[in-house]
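# Structural description and commentary
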Amino acid sequence: MTVPREMPEKWARVRAPGGAGGYKQSWGTGEEERRVRANAREYNEKFQYASNCIKTSKYNIVTFLPVNLFEQFQEVANTYFLFLLILQLIPQISSLSWFTTIVPLVLVLTITAVKDATDDYFRHKSDNQVNNRQSQVLISGVLRQEQWMNVRVGDIIKLENNQFVAADLLLLSSSEPHGLCYIETAELDGETNMKVRQAIPVTSELGDTSKLARFDGEVICEPPNNKLDKFGGTLYWKENKYPLSNQNMLLRGCVLRNTEWCFGLVIFAGPDTKLMQNSGRTKFKRTSIDRLMNTLVLWIFGFLVCMGVILAIGNAIWEHEVGVCFQIYLPWDEGVHSAFFSGFLSFWSYIIILNTVVPISLYVSVEVIRLGHSYFINWDKKMYCAKRRTPAEARTTTLNEELGQVEYIFSDKTGTLTQNIMVFSKCSVNGHSYGDVQDVLGHKAELGERPEPVDFSFNPLADPRFQFWDPGLLEAVKLGDPHVHEFFRLLSLCHTVMSEEKSEGELYYKAQSPDEGALVTAARNFGFVFRSRTPKTITVHELGRAITYQLLAILDFNNIRKRMSVIVRSPEGKIRLYCKGADTILLERLHPVNQDLTNVTTDHLNEYAGEGLRTLVLAYKDLEESYYKDWSERLHRAGSAAEAREDRLARLYDEVEHDMMLLGATAIEDKLQQGVPETIAILTLANIKIWVLTGDKQETAVNIGYSCKMLTDDMTEVFVVTGHTVLEVREELRKAREKMMDASRSVGNGFSYQEKLSSSKLTSVLEAIAGEYALVINGHSLAHALEADMEVEFLETACACKAVICCRVTPLQKAQVVELVKKYKKAVTLAIGDGANDVSMIKTAHIGVGISGQEGIQAVLASDYSFSQFKFLQRLLLVHGRWSYLRMCKFLCYFFYKNFAFTMVHFWFGFFCGFSAQTVYDQYFITLYNIVYTSLPVLAMGVFDQDVPEQRSMEYPKLYEPGQLNLLFNKREFFICIAQGIYTSVLMFFIPYGVLADATRDDGAQLADYQSFAVTVATSLVIVVSVQIGLDTGFWTAINHFFIWGSLAAYFAILFTMHSDGLFQMFPNQFRFVGNAQNTLAQPTVWLTIALTTVVCIVPVVAFRFLKLDLKPELSDTVRYTQLVRKKQKTQHRCMRRVGRAGSRRSGYAFSHQEGFGELIMSGKNMRLSSLALSGFSTRPSAGWIETLRKKKGSEGSTAGSPSAAPDKTLKV
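Anyway, here's the lowdown on the structure attached to this text. (Residues numbered from 1 in each chain as written. Predicted model: local features only at pLDDT ≥ 70, side-chain atom pairs only at ≥ 80, totals over all residues. Heavy atoms only, no water.)

Across its full length, the protein carries 40 helices and 33 strands. Split into buried and exposed, the 1213 residues of the protein put 56% on the buried side. Surface accessibility of the protein: about 51,700 Å² in total, with carbon and sulfur atoms responsible for 57%. (Helix = DSSP H or I, 4+ residues; strand = E, 2+ residues; numbered from the N terminus. Buried < 20%, exposed > 50% of the residue type's maximum accessible area, 1.4 Å probe, protein only. Areas by Shrake-Rupley, 256 points an atom, 1.4 Å probe, with all protein chains shown as cover.)

Below you can see the structure in the form of structure tokens.
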């Protein structure tokens, strides 16, 4: 075999093969190109290509322990506690046993390790299952069964029907005529419709193993990459070269369908396959609370160091002034020769003792709580879609509380707000519009007044599910209107639909996009039935007569062309080009003679767009035989070119698609999903701003905005930015800002619109304007608006608007818009979409939500949360998100409080023990305090607590606002918790100290011994923090009761056990103080002291909360109160009214299709048949008691629908 010297320019830099080094490239896989020779394992092995064994697991039995521990100690907290453990092993500075730190540390490391091991076990299991699948490999001319992991690059393997493709293969031949095969790519892109692949002609005849065994072609192609829809390479064989494209490739993860067998050459194996290249890890996302906790932990550590320094200085002074006088019976430790060095050692001792201000159990508890919240989302039956049998799924456990802080939602339109189920609704043919139904008076009939749909019984091949309401179109077909016939002929010919006839007359269409399927089905019902196709022919039954057209070329669709064409030869020999595409593209390619018809059709297009329909324009062009032959030869040369192939084809396509004759236009309806208007209305009342980012035309997107209540007729103004230059866009944005400012000033002092004015996130006074505005911007204008010198102006203008719609945007622009808001607004963003074009947006936002809809599962795979309908977003945010945020905030506040109350007692005790680093509590209490005595009650509160029931969370969207303003846990709340903890610790130490100093036992003996004092303080602490969590708990369950009172019972049980005679006899050196707890707690003085401490610690908290509730209630307080009032008065439940509204739709076209079958179908080979708009939305009216409360405060309240908040940030309904 000889490889020609002419190499593609892009591979010219490649050096000759040498050794096992392979080829290097700069961007990731170690290759600049790939060379693969068929049936030559020795040749291919010198490049050291990856084997077909995949490994998604991280560990094995040998590496698990060291690697997992190394990963865990990457966490600062774990490293910090390991450092403390090392300090505790130094006897000169440790006053605590090493197990006080190692027990919780080992517990945390073990729990995490078990979780990681379990996850990795399932990854191993999955890997083994895949790697051990069987495949038939051609070795030495014989097919042998081999495991997938033993397949190598350059092997030829045989696939059979319904088998998974083992690696990325170059299709060589198949059982189908001319090397065709059918695949399903659901595992790659989620699409379940079949796709077609074809072998290049030169290899398609290699159908038996003897010919394949002699095949020694060499492929030179691109290096491994993650582009599923692109492949470039060349096959060199028998002194010739043959270009290769993605249509010749079978990718790993696909399934062979409707094809008995096929052979393929392995090009990429294992981790180099495109499936594995696309399985990269998603960027790790952290919540704002996580980031705040990290900051607070650093502050606490600084506070800990300060306390250590103070106590160390105190120790040095005490030892210098007092301790030096008592060296005879209080000698310094060995190695300590000065008071200064004693203070230095004391510093480290106190660091060890006081480290519990940041206990390691904090991090474990946070993860447990988040896991619980995730399960609640997964188990929520109200977010389960019975139709698709799809539950909601929390695909991450780290972002739950941030669901309660969302301020901006970025939503796709098609498939997210709409159903992505297309219905042929209207059409315009030769200037006549069809689809509107008129009553007997000649007026347009309303939806409820529609007569029976058109009867298609004359057509035995009609789809019974198709409905159309205008009989005029069918009459035109039956009367033989040539324009109407040509219209439907175009629809039946110009497409890439595959037809399958399971039984006579039962046709099933498999379309790449719902739009395409709807158009072909419409043509089918009106008598132009697409019946079958081969690579060179299309057979159509035109009004019962079978006609076969010769298919000469398919000019395929892509996102740049936004159109597709076919060139066919009729039985009469006439060559004609049929084209359909976006109006913006096609209207400028028409012959000038069409001007009058174009004006009429444009009016119809605007009318359809105004009704929210997706439009396409249809045109045709007759071609001369001589011109077509010349053009076809040039097309063949361009298709065979190794360089700039796509550009050359695009120029030829553009050349022939000019001076076309206009036929008409189609209008397809993409219906809104159920519950979308209500969901958007409620989320808007929750002060969440919704931006729609769509690839649709401006009119379509605007109309959907009106349909789903993002835009309303009550809005002050809707700004439309359509500038084509930087200056035009800047000027339009400036005018919009000026209008908003002028309108705000004209309102005068009588209106006060205050929205988070004190927030540091406010970048412009525009956000405090009066009135409601919306912004609509096109993709070309957005490209300018996102430039560095204009992005802030665009953001300020957009953020001042209640709704923003970006039209004709690319996937990259979607991500850029999200990134812009994240960068400047510092607000929590959520992106929601259902298609592969939404993945970049979903990954960029703080929270990504995928909808498992019609466009596959790529969005779901990239998301943090997933469900099947947009309406579930309301429940995810207002119920689960709000509760998660509330619970996490209450948990953190209480956790820091209880640990400061516990730890600071040591600080006060230091002033009374000569700063000797003596602990107040015994070491077992220190060890068990955070992992036994106080862990479960706070976990129960963090998992189950709620302030108001779920129904009230949905009824009062303003309850969501505290999370957006971050009111429940911030630096201020943190310092309040710390202050309460310090206050509690002062009383916890000094009240027992003052009482026991002069107290006596019943028998007259002194009560003030160290152990009695320790038991008294410890018991007081456990009781106080248990009562405190009882006050903090807003929603009591049996689990809360069991954990709180069970923890108290466990404390006393362990306390008496540790001071029992039995433990002393077993471990005399560890449990010396026999009967101390029993004797101490038998004294009335001790219980009075505990009671006094508890009352003094708790009463101020109760008093403060009562006054706050009475004088400055939060919205959640008022909602709880109204529940009680309603129960007492037994008032009837008042439901929201749904108000109908005549649709003021203003929308247009988006042609959802993919670059697909065109080139493949035209390969010249035989092809087998492949098998409620809520317009006036209002919340419940305010109850009378709220008005009374507002009068009492002397301030006017706002209604439930008001977007404003009170100046003091008090949240009102």
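Structure shown, so let's carry the discussion forward.
So, on to helix α12 (residues 471-478). When α12 is considered as a whole, its buried residues turn out to be L473, L474, A476 and V477. Buried residues along α12 cover an arc of 155 degrees about the axis, so they all sit on one side. Two to three positions downstream of the cap, the backbone nitrogen of G472 sits 2.9 Å from a side-chain oxygen, assigning the N-cap of α12 to D470. G480 lies just past α12 and shows a positive phi near 85 degrees. (Arc of directions from axis to C-beta. Polar contact = N/O pair within 3.5 Å; in protein donor to acceptor, adjacent residues only side chain to side chain.)

The subject of this paragraph is the sheet that holds strand β2 (residues 134-139). Read from one edge of the open sheet, six strands run β3-β2-β4-β13-β5-β11, paired in antiparallel fashion. Edge positions in the sheet fall to β3 (142-147) and β11 (249-250), since each of these pairs with one other strand and no more. Pairing of strand β5 (residues 168-174) with strand β13 (residues 261-268), which is carried by six bridges, proceeds in the antiparallel orientation. Each bridged residue has a counterpart across the sheet, and for L170 the counterpart in β13 is L265. (Pairing = 2+ DSSP bridges.)

A few words now on the pairing of strand β27 (residues 689-693). Taken residue by residue, a regular strand's side chains alternate between the two faces of the sheet. Counting buried positions along β27 yields five of five residues, so the element is predominantly enclosed. Burial of the side chains of β27 extends over both faces: K689, W691 and L693 are buried on one face and I690 and V692 on the other. Inspection of the sheet shows strand β15 (residues 406-411) paired to β27 by four bridges, in the parallel sense. When the sheet's bridge partners are listed, Y408 is paired in β27 with K689. Relative to strand β30 (residues 803-806), β27 is paired through four bridges, and the arrangement is parallel. Looking at the pairing, V692 lines up with I805 of β30.

The next subject is the sheet that holds strand β8 (residues 218-221). One open sheet holds the four strands; their spatial order is β1-β8-β9-β10, and the pairing between them is antiparallel. Where the open sheet ends on each side, the last strands, each with one partner, are β1 (34-37) and β10 (240-244). Along the sheet, successive strands turn relative to each other by an average axial angle of 20 degrees, direction set aside. Pairing analysis gives four bridges linking β8 to strand β9 (residues 233-237), with the strands arranged antiparallel. Within the sheet, the bridge partner assigned to E218 lies in β9 and is Y236. (Axes fitted to C-alpha atoms, helices over the stretch in contact; angles between N-to-C directions.)

This paragraph deals with the packing of aromatic side chains. Evaluation of the coordinates by the stated rule reveals 63 aromatic pairs. Clustering of aromatic rings is evident, with ring pairs tying together F907, W908, F909, F911, F912, F915, F989, F990, Y993, Y1010 and F1013. Across the ring face of Y509, the terminal group of R524 is positioned such that the distance to the ring centre comes to 5.4 Å. In this structure, K898 is placed above the aromatic ring of F895, and the distance from its NZ or CZ to the ring centre is 4.2 Å. (Phe/Tyr/Trp six-rings, centres within 6.5 Å; stacked < 30°, edge-to-face > 60°. Lys NZ or Arg CZ within 6 Å of the ring centre and 35° of its normal.)

With that out of the way, let us pick up the side chain of N400. Along the chain, N400 falls in the loop between β14 (393-394) and β15. When neighbours within four sequence positions are excluded, N400 is seen to be in contact with R370, H373, S374, I377, Y865, G881 and S884. (Contact = heavy atoms within 4.5 Å.)

Another point: unusual backbone geometry. One non-glycine residue, Q48, adopts positive backbone phi at about 55 degrees. Assessed through its relative accessible area of 60%, Q48 is described here as exposed. With phi around 70 degrees, N162 is a residue other than glycine that occupies positive phi space. Among the structural elements, N162 can be located in the loop between β4 (156-160) and β5. Taking the relative accessible area as the measure of exposure, N162 reaches 46% and is therefore partly exposed.

Moving on, we get to the state of the cysteines. Enumeration according to the criterion identifies zero disulfides in this entry. No disulfide involves C254; its nearest neighbouring cysteine sulfur is the one of C181, lying 9.2 Å away. When its relative accessible area of 2% is taken as the criterion, C254 is described as buried. C806 provides the cysteine sulfur closest to C807, a residue in no disulfide bond, and the two sulfurs are 7.3 Å apart. We classify C807 as buried; its relative accessible area is 0%. (Disulfide = S-S within 2.5 Å.)

Ranked by internal contacts, the top residues of the largest apolar core, which has 97 residues, are F891, L892, Y921, F925, F969 and L1021. Looking at which element gives the most residues to this core, the answer is helix α27 (residues 872-910), with 18 residues. Discounting chain neighbours no more than four positions away, the residues touching F891 are L362, S365, V366, I369, V938, M941 and G942. (Core = buried A, V, L, I, M, F, W, Y, C linked by side-chain atoms within 4.5 Å.)

This brings us to helix α23 (residues 791-799). The buried fraction of α23 amounts to seven of the nine residues, a majority that puts the element mostly inside the structure. What α23 keeps buried is the set E791, E793, F794, L795, T797, A798 and C799.

Let's shift gears to the pairing of strand β6 (residues 180-184). Counted residue by residue, β6 has five buried out of five residues, so it is predominantly covered. Alternating positions in β6 separate into two faces, L180, Y182 and E184 on one and C181 and I183 on the other, with burial throughout.

Moving on: a nonpolar patch on the surface. A cluster of nonpolar residues, I310, F911, F912, F990 and Y993, forms a patch on the protein surface that exposes about 450 Å² of accessible area. Residue classification places F912 among the partly exposed residues on the basis of a relative accessible area of 38%. (Patch = residues over 30% accessible without salt bridge, like charges linked within 9 Å, V, L, I, M, F, W, Y side chains within 5 Å. Salt bridge = Lys/Arg side-chain N within 4 Å of Asp/Glu carboxyl O.)

A complete count under the given rule lists 47 salt bridges for this structure. The salt bridge partner of E657 is R563, with a shortest N-O separation of 2.6 Å. You can see E657 sitting in the loop between α18 (645-656) and β26 (661-672) and its partner R563 sitting in strand β23 (residues 563-569), a full 94 residues away along the chain. A salt bridge links D945 to K890, with the nearest nitrogen and oxygen atoms 2.6 Å apart. Highlighted residues: D945 in the loop between α29 (935-944) and α30 (950-955) and K890 in helix α27, separated in sequence by 55 residues. Overall, the relative accessible area of 2% leaves D945 in the buried class. With a relative accessible area of 23%, K890 lands in the partly exposed category. One network of salt bridges, in which partners are shared, links E486, R489, E542, R576 and D622.

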